[in-house]
Amino acid sequence: MVRLAFRVMDREQALRLLRDKTSKDVTVRHLITVEGVMRRLAEHFEQDADRWGLAGLFHDLDMELTHADLSRHAYLAAEWLREEGVDEDIINAVLAHAHEQYQTDLMSRAIVQADAVAGFLVACALVRPTKSEGMKVSSCKKKLKEKSFAPGVEREEIWSCEEKIGIALDDFLAIGIEGIQSVAEEAGLTSAG
Ligand SMILES: [Fe+2]
């Protein structure tokens, strides 16, 4: 397939944009971990990990400005990304994580699940002395059933992984763990971090 029309922004450029639009460490950590999970999911589906990674990295780019008015959430990010010349399929996935009507392809559906599982697994990692190092599917699954743990996580988007993107829960948690481990250093999720 000829894809000359596409231009994938390089990661350095993407991180500069991220630093420009966000100020909180917690936002940066969330974006980088969703990026890690999206890249790992792309490998699972034999898709383009660079494009999936960027969708993850950018999905909450405007959160610090739009959290008080979620109807604007992702639309402002989409405007910024268009100004930067980011490809429309990546922008579509950014829109899709917050607005169902944009969930039109595998990447734009998977981002909803990646968002939820990354949030959950970061919460799991943060209560462990070694953070994301040595995390196990079984203990994460146990925590998933504890409703009082990380109550802000959209658990339904994790439970529904098989129905929504065709990956069984244990495999999905394993992919998610690998995804956050792949960015552990940057995200401050190592025992040293
Ligand atoms: Fe998010």
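A short tour of the structure in this document, coming up.

## Considerations on the overall build of the protein chain
Summing up its helical and strand segments, the protein chain has 11 helices and 0 strands in all. Over its C-alpha atoms the protein chain spans a radius of gyration of 16 Å, differing by no more than 12% from the 16 Å that the globule rule assigns to 193 residues. Projected onto its principal axes, the C-alpha coordinates of the protein chain cover approximately 45 × 35 × 30 Å. Per-residue burial over the protein chain gives 51% buried out of 193 residues. Considering only contacts within the protein chain whose residues lie at least 6 apart along the sequence, 62% involve residues at least 24 apart. Accessible surface, the protein chain: about 9500 Å² in total, of which carbon and sulfur atoms supply 49%.

## Thoughts on the pattern of salt bridges
Scanning all chains against the criterion turns up 9 salt bridges. Residue Asp-87 pairs with Arg-51 through a salt bridge whose shortest N-O separation is 2.8 Å. Here the residue Asp-87 occupies a position in the loop between α5 (75–83) and α6 (88–96), and Arg-51 occupies one in helix α3 (residues 49–58), the gap between them amounting to 36 residues. The pair formed by Asp-87 and Arg-51 is uniform in burial state, with each residue classed as buried. Residue Glu-88 pairs with Arg-82 through a salt bridge whose shortest N-O separation is 2.7 Å. When its relative accessible area of 45% is taken as the criterion, Glu-88 is described as partly exposed. Sharing partners across several salt bridges, the network here consists of Arg-11, Glu-35 and Glu-186.

## Examining the coordination of the iron ion
Bound to the iron ion on the protein side are His-30 (NE2), His-59 (NE2), Asp-60 (OD) and Asp-115 (OD), at distances that span 2.1 to 2.3 Å. The sequence pattern describing where the donors of the iron ion fall on their chain is H-x28-H-D-x54-D. One end of the pair, His-59, is in the loop between α3 and α4 (63–66); the other, Asp-115, is in helix α7 (residues 106–126), and 56 residues separate them in sequence. Assigned by exposure class, His-59 and Asp-115 land together as buried.

Calculation criteria
- Residues numbered from 1 in each chain as written.
- Predicted model: local features only at pLDDT ≥ 70, side-chain atom pairs only at ≥ 80, totals over all residues.
- Heavy atoms only, no water.
- Helix = DSSP H or I, 4+ residues; strand = E, 2+ residues; numbered from the N terminus.
- Rg over C-alpha atoms; globule rule 2.2 N^0.38 Å.
- Buried < 20%, exposed > 50% of the residue type's maximum accessible area, 1.4 Å probe, protein only.
- Contact = heavy atoms within 4.5 Å.
- Areas by Shrake-Rupley, 256 points an atom, 1.4 Å probe, with all protein chains shown as cover.
- Salt bridge = Lys/Arg side-chain N within 4 Å of Asp/Glu carboxyl O.
- Donors = N, O, S within 2.8 Å, 3.2 Å for Na, K, Ca; no water.

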